[in-house]
Amino acid sequence: MIKIDGKKISQEILDKLKNEPKIKKFMAVFLVGSDLASENFVKKKESIAKELGVDFRVYRLDEKLTGDKLKEKMRPIISSKLCGGVVLQLPLPSGVNSSYVLNSIPPEKDPDVLSERSLGSFYNHRSKIVPPSAGTVESILVNLDISVSSLKSVAVVGQGTLIGKPITNWFLGKIPKIIALDKGDDFSILKEVDLVILGTGQSGLFKAQMFKEGAGVIDFGYGKNIEGKLMGDFDGKSIAFVGDDYLDFYTPTPGGTGPILIARLFENFYQLNGK
């Protein structure tokens, strides 16, 4: 069984970007409120930007701002000719419509592929970039030398805007069977699929014995268990009950999909700005 080293895959992507011409435009990141997890995610992106020599600018906005006020604050920065990419760190404070604010980001400056226009282009196969989550799945499969066409069935559990929906769409037309599931669905079908992708955000919900022998597991879940330790949707400790050879591969948390997601975000930034 292979334990995916997300940091290694991430570094390979970043090393390739270092050989590309330096991007002269800046990346704007809007952080609304003081959510600790969001702060940590922004710090990780800032660290990667520093490694690449990307001008990374964080704009901190009051969590009490309405959607209209947020868009008003963001507008002059987004419209700047020197701005090459805009990231709105999610989640936004309760009461603010994320889609409404995200739609102020034009596709040519949307490395996260989250505005309706960006997603529309992606869903209709007209986008030059793919959402970082779909890109992460792609990078993992390439690293394992697994062709998408060799997969007979894939289940995507969790159908959120950031993870589940774009990944499900990315697989459409590429494999014979794609199964979209969400929290509360019957997970017994997972015993029949080659690859399971998790993104429910419910720590430790899935055990190794719930999957087919020889399956692969890509886990985007990110939370804390009752002991306060970081954990994904997949309970890696459950492997001990089925044996080390039960699964083909899996991604740990932390150190699995997270680093690759950030690397693919920056790869998108480069592609939008002339790579």
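Draft legend 1. Region of the structure containing the overall build of the chain. The helix and strand inventory of the chain stands at eight helices and eleven strands. By the compact-globule yardstick of 19 Å for 275 residues, the chain fits well, its C-alpha radius of gyration being 19 Å. Each of the three principal axes of the chain carries a C-alpha extent, and together these read 55 × 40 × 35 Å. Relative to its full complement of 275 residues, the chain shows a buried share of 50%. A separation of at least 24 residues holds for 70% of the contacts in the chain among residues at least 6 apart in sequence.

Draft legend 2. Main features of the packing of helix α2 (residues 36-52) against helix α8 (residues 257-272). Relative orientation of the contacting elements α2 and α8 amounts to 50°, with a least axis distance of 10 Å. On the basis of their axis angle, the class for α2 and α8 is oblique. Where α2 crosses over α8, the handedness of that crossing is right-handed. For the pair α2 and α8, the contacting residues are Lys44, Lys45, Ile48, Ala49 and Leu52 in the first and Ile262, Leu265, Phe266 and Tyr270 in the second. Grouping the amino acids of the contact of α2 with α8 by side-chain chemistry returns seven nonpolar, no polar and two charged.

Draft legend 3. Highlighting the sheet that holds strand β6 (residues 177-181). If you walk across this open sheet you meet the six strands as β1-β11-β8-β7-β5-β6, and the pairing is parallel. The open sheet terminates on both sides in strands that have one partner only, identified here as β1 (2-3) and β6. As defined by bridge partners, β1 adjoins strand β11 (residues 249-250) across two bridges and the pair is classed as parallel. Considered in β11, the bridge of lysine 3 is made with tyrosine 250.

Thresholds applied
- Residues numbered from 1 in each chain as written.
- Predicted model: local features only at pLDDT ≥ 70, side-chain atom pairs only at ≥ 80, totals over all residues.
- Heavy atoms only, no water.
- Helix = DSSP H or I, 4+ residues; strand = E, 2+ residues; numbered from the N terminus.
- Rg over C-alpha atoms; globule rule 2.2 N^0.38 Å.
- Buried < 20%, exposed > 50% of the residue type's maximum accessible area, 1.4 Å probe, protein only.
- Contact = heavy atoms within 4.5 Å.
- Axes fitted to C-alpha atoms, helices over the stretch in contact; angles between N-to-C directions.
- Parallel < 35°, antiparallel > 145°, perpendicular 65-115°, else oblique.
- Left-handed = near helix turned anticlockwise from the far one by under 90°.
- Nonpolar A, V, L, I, M, F, W, Y, C, P; charged D, E, K, R; others polar.
- Pairing = 2+ DSSP bridges.

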